[in-house]
Amino acid sequence: MAAAPERESWRPEAILGRLIVLRRHRAENLKAFMRWYSDPEIARLTRYQQAPLSNDDIQRFFYARIMGSDFLAMAIHQRDTDRLIGTCAFSQLDGDNGSTLFHITIGERDAWGKGYGTEATELMLAHAFTRLALHRVALTVFEYNARAIRSYEKCGFVVEGRAREAIFRDGRFWDEIHMSVLFDEWEARYRTAR
Ligand SMILES: CC(C)(COP(=O)(O)OP(=O)(O)OC[C@H]1O[C@@H](n2cnc3c(N)ncnc32)[C@H](O)[C@@H]1OP(=O)(O)O)[C@@H](O)C(=O)NCCC(=O)NCCS
C-alpha cells in the first residue's frame, strides 16, 4: 500500500547525503540491531546500565520503537555500497512545543570516525527544521563520549546543561551533558555555510 503523502514527507523513503543515505528501517535490520546492541562498547556509550541489552529487550526496542510510529527512526547506510551501518531517530516528538530528542548509533565499529555520524546528524537536523518545522532538537550524551560531543558540536549543538555526576563508569562519576540546537541557530549556520 502506498504511504499517505503527509506520512511520506514526515518519514521519507530516503534522505540522500554525500557519504550516506538515510532509509526507512526494514524488518530484516533486526539482525544488525542484535549485533550492535549486544556490543559492550555500544552499551558503555549509550546506556546508563553497565550490561548490554538482552536479545529480548533488543527485539522489543526494535519492534516497538524503531518500527513503531512514535519514533521517527531512520537506518544509516553508506552511500557507495548501501551497507547498513547504524540508526538514528527522533523521540518525544512534541508538536505543541516544536521539540524533539535526537539519538544516534553507528553500530558498526569500523565505520566510526569517518564522518558518517556527523552527516547523519546534519541530515536529521535539516529534516527536523524544514520538513517537520520544529523549533528545537535536544539530546543527552555522557561526558566521556568525546567523539559524539565533537560530532554534535560540529552540527551546531551547544551545551545547555549537565546532570552532574549522573553516571558511574570506568571507576568514577561523569556528567550527563544536555545539548540542543534551535531553529534560528541552525538557519544562521546553514545560510553561512552556503
Ligand atoms: C557518536 C557517533 C554518532 C559519531 O559519528 P562518527 O561517524 O563516528 O563521527 P564523525 O567521524 O562524524 O566525527 C567525529 C569527530 O570527533 C572527533 N573525535 C573522534 N574521537 C575523538 C576523541 N576521542 N576526542 C575528541 N574528538 C574525537 C573526530 O576527529 C571528528 O571530528 P573532526 O571531523 O573535527 O576531526 C558514532 O561514533 C557512534 O554512533 N558511536 C557509538 C554510539 C554513540 O556513541 N552514540 C552517541 C550516544 S550520545
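Further up the page is the structure itself.
Below is a short write-up of the structure. Bear in mind that the values here come from a model prediction, so they are computed numbers and not experimental data.

A word on the site of the ligand
The environment of the ligand is made up of 22 residues, and the closest members are Gly117, Thr118, Ala146, Ala148 and Arg150. Of all the secondary-structure elements, those providing two or more residues to the shell around the ligand are helix H3 (40–46), strand S5 (99–106), helix H5 (116–129) and helix H6 (146–154). Among the elements that line the shell around the ligand, the one with the most residues is H6, at six residues. Of the residues in the shell around the ligand, the class split is nine nonpolar, nine polar and four charged.

Things to note about the environment of leucine 101
With respect to the helices and strands, the residue leucine 101 is situated in strand S5. In this structure leucine 101 comes out as partly exposed when scored by C-beta crowding, with 17 C-beta atoms within 10 Å. Note: C-alpha distance between leucine 101 and valine 181 (80 residues apart in sequence) is 11 Å. Setting aside residues no more than four positions away along its own chain, leucine 101 makes contact with Phe90, Ser91, Gln92, Ala138 and Leu139.

So, the sheet that holds strand S3 (residues 72–78)
Strand order in this open sheet of eight strands is S1-S2-S3-S4-S5-S6-S8-S7, and the pairing throughout is mixed. The two strands at the open ends of the sheet, each matched to only one other strand, are strand S1 (14–16) and strand S7 (158–169). Going across the sheet, the axis of each strand differs from the next one's by a mean of 25 degrees, ignoring polarity. Sheet topology note: the S7/strand S8 (residues 172–182) ladder contains eight bridges and is antiparallel. Looking at the pairing, isoleucine 167 lines up with tryptophan 174 of S8. In the packing of H5 onto the sheet, contacts are made with S1, strand S2 (20–24), S3, strand S4 (84–94), S5, strand S6 (136–142) and S8, and the angle to S5 comes to roughly 155 degrees.

Definitions and limits used
- Positions within a chain are numbered from 1, following the residues in the order the chain's sequence is written.
- In keeping with the model being predicted, local features are shown solely for residues with a pLDDT of at least 70 and side-chain atom pairs are shown and tallied solely at 80 or more, while totals for entire chains, interfaces and linings include all residues.
- Should the C-beta atom of a residue, placed from the backbone, lie within 6 Å of a molecule or strand, that residue is near it.
- Here a helix means four or more residues in a row that DSSP labels H or I, a strand means two or more in a row labelled E, and each is numbered from the N terminus.
- Three residue categories are used. Nonpolar comprises Ala, Val, Leu, Ile, Met, Phe, Trp, Tyr, Cys and Pro, charged comprises Asp, Glu, Lys and Arg, and polar comprises the others, including Gly.
- Residues with at least 20 other C-beta atoms within 10 Å of their own are called buried, those with 12 or fewer are called exposed, and the rest are partly exposed. The C-beta atoms themselves are positioned from the backbone.
- C-beta atoms are first placed from the backbone for all residues, and any pair lying within 7 Å is then listed as a contact.
- The pairing criterion is simple: DSSP has to find at least two bridges between the two strands.
- Only the stretch in contact is used when a helix axis is fitted, and all axes are lines through C-alpha atoms; the angle between N-to-C directions ranges over 0 to 180 degrees.

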